[in-house]
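# Breakdown of the fold
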Amino acid sequence: MSPLSNNALFLTYERNPLPDFFKEPLLEEYSVAAHIYKLSQSSLAELARNSVIQSGFEMEIKRHWLGQEWYLPGAAGNDIHKTNVPNLRLAYRHRTLLEELAMIKAQHFT
């Protein structure tokens with residue numbers, strides 16, 4: 001979710017619902033998403049981790065929630081004790097990204 005996306009669309013900054021999501025409704029949103037999309041605990045943890053990474057939070061806040069080296073790619077940037085995301089899952093995501101980028105690069109130069 002983009003904190004300012006509603007501002008550009010139709011709401012003034014003061015009426016933006018973002019602050020409301022940091023109360024109980026945020027937990028409800030994750031719970032409903034898990035039920036509707038049949039997400040596993042690992043998937044929910046990865047979704048939450050990616051949300052923090054994509055947020056505008058300062059580096060220190062991200063370090064607090066994700067670990068000291070959260071900015072490193074793949075499993076290297078994962079503190080499983082903080083994120084609850086398996087290293088194997090993040091290693092797979094990173095490896096797949098590198099393979100896709102290599103494929104795009106190869107197609108671009110042929």
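Predicted model only: the values in this text are computed from it and were never measured.

## Here's the deal with helix α3 (residues 41–54)
Relative to the 20 Å expected for 14 residues at 1.5 Å per residue, α3 spans 20 Å between its end C-alpha atoms, a close match to the ideal helical length. Those residues of α3 that sit buried are Ser43, Leu44, Ala45, Glu46, Arg49 and Val52. For α3, the elements touching its buried residues are α2 (24–37), α4 (59–66), α5 (80–83) and α6 (87–108).

## So, the packing of aromatic side chains
Aromatic ring pairs are reported here in terms of the distance separating the ring centres and the angle at which the planes meet. Within this structure, the stated rule accounts for 1 aromatic pair. On the basis of an interplanar angle of 85° and a centroid distance of 5.9 Å, the ring pair of Trp70 and Tyr71 is categorised as edge-to-face.

## A word on unusual backbone geometry
Here the phi dihedral of Lys38 falls at roughly 55°; this positive angle occurs in a residue that is not glycine. Within the secondary structure, Lys38 sits in the loop between α2 and α3. Given a relative accessible area of 70%, Lys38 falls into the exposed group. The residue Asn84 is not glycine, and still its phi comes out positive at about 65°.

## Things to note about the packing of α3 against α6
Packed helices, taken two at a time, are described by the angle between their axes plus the distance between the axes. It is at 11 Å that the axes of α3 and α6 come closest, and there the two elements cross at 60°. What the angle tells us is that α3 and α6 run oblique. Remark: the crossing between α3 and α6 carries right-handed chirality. Packed against α3, whose contacting residues are Ser42, Ser43, Glu46 and Arg49, the element α6 presents Arg89, Leu90 and Arg93 at the interface.

## Considerations on the environment of His64
When you line up the elements, His64 lands in helix α4. Since its relative accessible area comes to 48%, His64 is described here as partly exposed.

## Details of a nonpolar patch on the surface
Residues Leu97, Leu98, Leu101 and Ile104 make up a contiguous nonpolar surface patch of roughly 370 Å² in combined accessible area. Tracing the backbone through its elements, the reader meets Ile104 in helix α6.

Cut-offs used in this document
Residues numbered from 1 in each chain as written. Predicted model: local features only at pLDDT ≥ 70, side-chain atom pairs only at ≥ 80, totals over all residues. Heavy atoms only, no water. Helix = DSSP H or I, 4+ residues; strand = E, 2+ residues; numbered from the N terminus. Expected span 1.5 Å × (residues − 1). Buried < 20%, exposed > 50% of the residue type's maximum accessible area, 1.4 Å probe, protein only. Contact = heavy atoms within 4.5 Å. Phe/Tyr/Trp six-rings, centres within 6.5 Å; stacked < 30°, edge-to-face > 60°. Axes fitted to C-alpha atoms, helices over the stretch in contact; angles between N-to-C directions. Parallel < 35°, antiparallel > 145°, perpendicular 65-115°, else oblique. Left-handed = near helix turned anticlockwise from the far one by under 90°. Patch = residues over 30% accessible without salt bridge, like charges linked within 9 Å, V, L, I, M, F, W, Y side chains within 5 Å. Areas by Shrake-Rupley, 256 points an atom, 1.4 Å probe, with all protein chains shown as cover. Salt bridge = Lys/Arg side-chain N within 4 Å of Asp/Glu carboxyl O.

That is the geometry; function is a separate question.
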